[in-house]
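Report on the structure
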Amino acid sequence: MWTIAKLTWREILSKRIFHITLFMSFAFLLFYAIATYIAAQEATEQTGGQAVSSDFFLAQTFFATQILGVGLYFAAFVTALLAILSSVGSIAGEIESHQIDTLLARPLHRRTIVLGKFAGLGSLLILYSICLFLGVLAINQWLGGEILRFEMSALQVIKALAVFVLPPLLLIAVALLFSSITTTINGGIILIILYGISFIGGFVEQMGVLMNKTSMINIGIISSLLFPLDSLFRKMTVYLFDTAGDPISFATQGLFGSLSTPSNAMLVYAALYGITALWLSIRRFSSRDV
Amino acid sequence: MSDYVIETHQLTKQYDGKAGCRNITLSVPKGVVFGFLGPNGAGKSTFVRTLLGLLVPTGGSGHILGQPIGSVESRQKIGYLPELFRYPDWLTGQQLLESHADLCKIPRSERKKRIASLLERVGLSGRGNEKIRGYSKGMQQRIGLACALLSDPEIIFLDEPTSALDPIGRREVRELMAELRDEGKTIFLNSHLLSEVETICDHIAIIHRSDLIVQGEWRSLSSVNPQTEITTSSVPDGLWKSLSTIVTEAELLQQEEGKTHWLITLNEEDDIAILVRHLSDLGISLYRIVPRIPRLEDVFMYWVNREEAQQSHVDHR
């Protein structure tokens, strides 16, 4: 399995899409850093650098969560795209090119190939998402100044990070399933649509809570069950922005907050979803012609 | 243990009841070069891919070294060079072989030496550190051959192994196959290039339109109706018809200055003597007689035509 994982690492690291994503990620972090710095400077100038009232404190925390939220949202988006693009063709592409033939002629179980690819892609994407997550957080902490820097504990960061790395793993498991069933293009299209449904459903649900519309909330719940990606992001914001002793939940505020907080059961559901996808992928790949 | 390293019984792989290979019952002895022949699209590659577990059979069964096909155990001691060879082009030749050495669990202490020796054996000495994407088609086929031999397998499946090679490369691969046979390996050679198979194979099997037509030792299969070229004086009309008990076919090859050159197909090899006696009795001068050694192409066409004739007979009934 580790040989396949190693080969998968080598393959991704040699791909142009990875180099471009890496370059664009640096560009994003640079842009985000400049934007955060300028916003922090202007906010400090407006307030004169002094906390004057409890209203000011609420507004400051709200803006801090929003600017941090947008950074993390984009980081999650880029990570998801990289997960989809790097994994949806990892089996189908090799079947189409017959590159997999010589591997399968070795004394290996086919599950070794699937699990090896999952391990390789998963470890690389975890590393990438950790770097991006910590990069966004570091920018917020160092360049956010008095106004935009969000106060958080190490435990909050660890819990949020643990959830932040789950979406790419879920995407890889589902991508491997489609890669075992259909062609690279078909799998890619289905996965991107699922991804879109999940995030649009998530927004519809948030608006449904705001407008108190049950039907909109239900759409969100259905989309979360269909593909629980957005719920994981919302859960991550809850872990990051909610402080145990704070009576006001900033995790519920704004565009990147979570008015309808996903339950812990949704975390379990997402994990089971990924494991089932991986198991189905192994089953399908083990019994198909290549 | 069986004397055969590969055995199949009615092995079938079809796509919606069409194409592929059908009811192939085959036995491959140990230590031979076994030529699996057939025209393009006959089902050769499908059969090999089914043996290797790349395709799931739709019927029948098969064993490699006593292990059921498709099992991990059946692939323990085999090497495979696919027809559509494609290797990760971001790796160097050396890295590719190292990865496969990992998969074959070759001890680290042996790896370096074995890889160096294989690269030399396939003619890629000094090119191992180049990326595969920079290799020519022929070089890619050579690295594929090295990959197939890496685990020191007992059976080596070579599917059209010289398709990308120049004449020198083809000869080298033929010599390599002969060496491997001398080392006691069994080579299952899939090819539609009859001239390639002819010079190296001990046993052959012929597949045509998904069906196995014939299999056996090349020597016994090549004893099809013997042919001989003869040069005589002019022969009367209807001569060959009157000799139909011994002559099945007579083809006029050339006619010049009162001499005629014929290609005569006889029923049996012993009929040559009878033919000579008859011609002598009829006062026909015999200037030259050269028995024709059957070539694989003749043998192949003989069996294919025979199969088609039988099929046509069945269809008409």
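Just so it is clear, the model here is predicted, and its values are computed rather than measured.

As a further point, take the overall build of chain B. Scanning chain B from N- to C-terminus turns up 10 helices and 14 strands. Based on the C-alpha atoms only, the size of chain B along its principal axes is roughly 80 × 45 × 35 Å. Taken across its 317 residues, chain B has 35% of its residues classed as buried.

Turning next to the overall build of chain A. For chain A, the helix and strand inventory stands at 13 helices and 0 strands. Helices (α) and strands (β) of chain A occur, in sequence order from the N terminus, as α-α-α-α-α-α-α-α-α-α-α-α-α. A total of 290 residues make up chain A; the buried ones form 43% of that total. Taking all contacts inside chain A whose residues are at least 6 apart in sequence as the whole, residues at least 24 apart take part in 82%.

All names here are of chain A. Residues of helix α8 (residues 154–164) that are buried: Ala160, Val163 and Phe164. Angularly, the buried residues of α8 cover 105° about the axis, an arc narrow enough to put them on a single face. Opposite the buried face of α8, at more than 90 degrees from it, the exposed residues are Ala154, Leu155, Ile158 and Ala162.

What follows concerns the sheet that holds strand β12 (residues 247–256) of chain B. Whether parallel or antiparallel, the strands of a sheet pair through hydrogen bonds between backbone atoms. All names here are of chain B. Ordered in space as β12-β13-β11-β14, the 4 strands form an open sheet in which the pairing is antiparallel. Since the sheet does not close on itself, it has two edges, and those belong to β12 and β14 (286–292), each with one partner. Averaged over all neighbouring strand pairs, the angle between strand axes comes to 20°, with direction disregarded.

Our next topic: the interface of chain B and chain A. Between chain B and chain A, the contact holds 22 residues from the first and 19 residues from the second. Secondary-structure elements contributing two or more residues to the side of chain B that touches chain A are β6 (78–81) and α2 (93–103) of chain B. Looking at which element gives the most residues to the side of chain B that touches chain A, the answer is α2(B), with 3 residues.

Of note in this structure, A:His98 is not a glycine but carries a positive phi near 65°. Locating A:His98 in the fold gives a position in the loop between α4 (92–97) and α5 (101–104). At B:Asp152, a residue that is not glycine, the phi angle is positive and equals roughly 55°. Checked against the element boundaries, B:Asp152 lands in the loop between α4 (137–149) and β7 (155–159). Since 14 C-beta atoms lie within 10 Å of it, B:Asp152 is described here as partly exposed.

Residue and element names in this part refer to chain B. Across the 6 residues of strand β9 (residues 203–208), 5 count as buried, placing the element largely inside the fold. Bridging between strand β3 (residues 33–37) and β9 involves 4 bridges; their strand directions are parallel. Across the sheet, residue Gly35 finds its bridge partner in β9, namely Ile204. Alignment of β9 against strand β10 (residues 211–217), held across 6 bridges, turns out to be antiparallel. Opposite Ile204, over in β10, you have Gly216 as the bridge partner. Joining the antiparallel neighbours β9 and β10 is a turn of 2 residues, in which Arg209 adopts a positive phi near 50°.

Residues and elements named next belong to chain B. Looking at chain B, the pLDDT average stands at 88 and 98% of residues meet or exceed 70. Mean pLDDT values for the elements of chain B range from 75 in helix α10 (residues 296–316) up to 96 in strand β5 (residues 67–68). Interface predicted TM-score (ipTM) for the complex: 0.79; the corresponding pTM is 0.83.

One finds A:Ile172, A:Ala173, A:Val174, A:Ala175 and A:Leu176 to be the most contacted residues of the largest nonpolar core, which totals 68 residues. At 13 residues, helix α6 (residues 110–143) of chain A tops the list of elements feeding residues into this core.

The sites that carry the UniProt feature "transmembrane region" (unreviewed entry) are, in the present numbering, residues 17–40, 61–85, 118–139, 160–179, 185–204 and 265–282 of chain A. With 100% helix and 0% strand, the stretch residues 17–40 of chain A has end C-alpha atoms that lie 34 Å from each other.

This next bit is on the environment of A:Val204. Residues and elements named next belong to chain A. As for its placement among the helices and strands, Val204 is situated in helix α10 (residues 184–211). For Val204, a count of 20 C-beta atoms within 10 Å puts it in the buried group. Those residues in contact with Val204 that sit more than four places away from it in its chain are Met216, Ile219 and Gly220.

Below, the discussion takes up the pairing of strand β8 (residues 186–191) of chain B. Residue and element names in this part refer to chain B. The element β8 is extensively covered by neighbouring structure, given that 6 of its 6 residues are classed as buried. Sheet topology note: the β3/β8 ladder contains 5 bridges and is parallel. Bridging from a neighbouring strand, Gly35 pairs with Leu189 of β8. Where β7 meets β8, 5 bridges bridge the pair, whose relative direction is parallel. Counterpart to Asp159 in the pairing with β8 is Asn190. Regarding the hand of the β-α-β motif, the stretch spanning β7, helix α5 (residues 167–182) and β8 is right-handed.

All names here are of chain A. In contact at an axis separation of 10 Å, helix α12 (residues 229–241) and helix α13 (residues 264–287) are set at 135° when each is read in the N-to-C sense. Between α12 and α13, the angle is such that the two are oblique. In this structure, the crossing between α12 and α13 has a hand that is left-handed. Contacts from Ser231, Leu232 and Lys235 in α12 reach Met266, Leu267 and Ala270 in α13. Split by residue class, the contact of α12 with α13 holds 4 nonpolar, 1 polar and 1 charged.

So, how was this worked out
Residues numbered from 1 in each chain as written. Chains lettered and ligands numbered in written order. Predicted model: local features only at pLDDT ≥ 70, side-chain atom pairs only at ≥ 80, totals over all residues. Helix = DSSP H or I, 4+ residues; strand = E, 2+ residues; numbered from the N terminus. Buried ≥ 20, exposed ≤ 12 C-beta atoms within 10 Å, placed from the backbone. Contact = placed C-beta atoms within 7 Å. Arc of directions from axis to C-beta. Pairing = 2+ DSSP bridges. Axes fitted to C-alpha atoms, helices over the stretch in contact; angles between N-to-C directions. pLDDT = per-residue confidence, 0-100. Core = buried A, V, L, I, M, F, W, Y, C linked by C-beta atoms within 7 Å. UniProt positions renumbered as here; feature names shortened; annotations may be inferred. Right-handed = clockwise from strand over helix to strand, strands pointing away. Parallel < 35°, antiparallel > 145°, perpendicular 65-115°, else oblique. Left-handed = near helix turned anticlockwise from the far one by under 90°. Nonpolar A, V, L, I, M, F, W, Y, C, P; charged D, E, K, R; others polar.

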